[in-house]
Amino acid sequence: MFLLGYIMWHPTGRPAVHLRQSDLLGLPVACLEIQGRAGFFLARKVRKAVGRMRLEGVRQGCWMPDLPPLWHEGIVPVEVWSLRRALLPQLIACAERQWGLDLMRGTVWVTAEETNASVWQAAEFLAQHCRYVRLDTGMGQAALESHMQRRYGLAPGGRGMLLQISFDGQGGLRTICLDRQAERQQRVFYQPPAGWPETVPLQEQLLAALWQAGRLSVEEICVKSIGPMLDRAAETLYNAT
């Protein structure tokens, strides 16, 4: 019984499909490697292999966004947004180093459609690490602002925004994206955890799956760098890599 499927597609070379068993940090993984240009013959073989994966118990999977939807039909993609939210202190520290920010001298803007528990936790962390926190978080914002002022003496406002923490998919040049479409909005790069096999490409979805399965802790995952927010042109390039 497999807990996770990992699908790799190399759109060059002679069409071929290989399904093999692997073990990633103690997690059973069904690895499907696809080679060749998309076409009827290859698609038929891929869908047959994906059917075998489902019969073996695969319910969640990891793949690049350019994989044709029918090639992972019936398998739910591993989401990364919950991992990113758990790693927010690391992501903020990385942003400070990477972009040369001094958050104690500027404003961090938090945007969200509603003020949920994740937004609340992010705002409380920021209140202890930056000078100003500006909120644009929909329903519940007033209660959070009141709490921040009472507990931390932090009044809303401030100019010269240095960083945006985005729970709604909106952002600019200096943004940490934490919404449910985070992986498509922005890439985050990581250091390989201890014991990571050299033959397995390091992918954020895989780290998220291992974290969700309890095979990796937050402390064992190290953020390396944060990519820019992706526009449509950039996403096309991302999908081609």
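Residues numbered from 1 in each chain as written. Predicted model: local features only at pLDDT ≥ 70, side-chain atom pairs only at ≥ 80, totals over all residues. Heavy atoms only, no water.

Enquirer: Would you mind showing me how to read the sheet that holds strand 8 (residues 161–166) here?
Expert: Strand pairs in the sheet, formed through backbone hydrogen bonds, run parallel or antiparallel to each other. Spatially, 7-6-8-9 is the arrangement adopted by the four strands of the open sheet, whose pairing is parallel. A single partner strand is all that each edge strand has here, and the edge strands are strand 7 (132–136) and strand 9 (175–177). Taking the axes of each pair of neighbouring strands and ignoring which way they run, one obtains an average angle of 15° across the sheet. Sheet topology places strand 6 (residues 107–111) next to strand 7; five bridges connect them, and they run parallel. Within strand 7, the position partnered with tryptophan 109 by the bridge is arginine 134. (Pairing = 2+ DSSP bridges. Helix = DSSP H or I, 4+ residues; strand = E, 2+ residues; numbered from the N terminus. Axes fitted to C-alpha atoms, helices over the stretch in contact; angles between N-to-C directions.)

Enquirer: Just checking my understanding: could you explain unusual backbone geometry for this structure?
Expert: A negative phi holds for most residues other than glycine; trans holds for most peptide bonds. Although it is not a glycine, leucine 25 adopts a positive phi angle of roughly 50°. Looking at the element boundaries, leucine 25 is found in the loop between strand 2 (16–24) and strand 3 (27–35). The partly exposed category is assigned to leucine 25, whose relative accessible area is 24%. (Buried < 20%, exposed > 50% of the residue type's maximum accessible area, 1.4 Å probe, protein only.)

Enquirer: Whenever I open this one, the pairing of strand 7 confuses me. Can you help?
Expert: Working note: regular strand, side chains alternate between the two faces of the sheet. Every second residue of strand 7 is oriented toward a common face, the buried set being Val133 and Leu135 and the non-buried set Tyr132, Arg134 and Asp136. After leaving strand 6, the chain enters helix 4 (residues 117–127) and then returns to the sheet as strand 7, a path that is right-handed. (Right-handed = clockwise from strand over helix to strand, strands pointing away.)

Enquirer: Explain the environment of arginine 85 here, please?
Expert: Here arginine 85 shows up in helix 2 (residues 81–86). Spatially, the C-alpha atoms of arginine 85 and arginine 44 are 38 Å apart, while their sequence positions differ by 41 residues. With near-sequence residues (within four places) excluded, arginine 85 lies in contact with Asn116, Ser118, Phe167, Leu178 and Asp179. (Contact = heavy atoms within 4.5 Å.)

Enquirer: How should the pattern of salt bridges be read in this particular structure?
Expert: Once their charged atoms are close, side chains differing in charge can pair, the charge on each being opposite to the other. In this structure the tally under the stated criterion is four salt bridges. Linking aspartate 102 and arginine 105 is a salt bridge whose minimum nitrogen-to-oxygen distance equals 3.0 Å. (Salt bridge = Lys/Arg side-chain N within 4 Å of Asp/Glu carboxyl O.)

Enquirer: Can you help me understand the side chain of threonine 137 in this one?
Expert: Here threonine 137 shows up in the loop between strand 7 and helix 5 (141–152). A polar atom in the side chain of threonine 137 sits 2.8 Å from the side chain of threonine 115. Among all residues touching threonine 137, those that are not within four sequence positions of it are Val110, Thr111, Ala112, Glu113, Glu114, Thr115 and Val119. (Polar contact = N/O pair within 3.5 Å; in protein donor to acceptor, adjacent residues only side chain to side chain.)

Enquirer: Even after reading the chapter, I still don't get the nonpolar core, so can you show me in this structure?
Expert: In a soluble, globular protein the nonpolar side chains are often hidden away together inside. Counting residues in hydrophobic clusters, the biggest one holds 57 residues, and the most contacted among them are Leu163, Ile165 and Ile176. Tallying contributions element by element places helix 3 (residues 88–99) first for this core, with six residues. Once residues within four sequence positions are removed from consideration, isoleucine 176 is found in contact with Leu88, Leu91, Ile92, Ala95, Leu163, Gln164, Ile165, Ser166, Gln186 and Ile226. Grouped together as the second largest cluster of nonpolar side chains are 16 residues, Val17, Val46, Met53 and Ile75 included. (Core = buried A, V, L, I, M, F, W, Y, C linked by side-chain atoms within 4.5 Å.)

Enquirer: Help me out: how do you make sense of helix 1 (residues 40–55) in this one?
Expert: Each α-helix turn comprises 3.6 residues. Residues three or four places apart therefore point the same way. Along its 16 residues, helix 1 runs 23 Å from first to last C-alpha, staying within 8% of the 22 Å computed at 1.5 Å per residue. One or two positions beyond helix 1, positive phi appears at glycine 57, with a value near 105°. (Expected span 1.5 Å × (residues − 1).)

Enquirer: I would appreciate a short explanation of the packing of aromatic side chains in the present structure.
Expert: The geometry of an aromatic ring pair is captured by the separation of the ring centres together with the interplanar angle, meaning the angle of the planes. Using the criterion set out here, one finds one aromatic pair in the structure. Each ring, one from tryptophan 9 and one from tryptophan 71, has its centre 5.0 Å from the other, and the planes form 70°; the classification is edge-to-face. Remark: tryptophan 71 occurs in the loop between strand 4 (60–62) and strand 5 (76–77) and tryptophan 9 occurs in strand 1 (residues 4–10); sequence separation between them is 62 residues. Judged by its relative accessible area of 3%, tryptophan 71 falls in the buried class. Stacked on the ring of tryptophan 109, the Lys or Arg arginine 134 has its end atom at 4.5 Å from the ring centre. (Phe/Tyr/Trp six-rings, centres within 6.5 Å; stacked < 30°, edge-to-face > 60°. Lys NZ or Arg CZ within 6 Å of the ring centre and 35° of its normal.)

Everything listed here is a matter of coordinates, which is why it stays silent on function.
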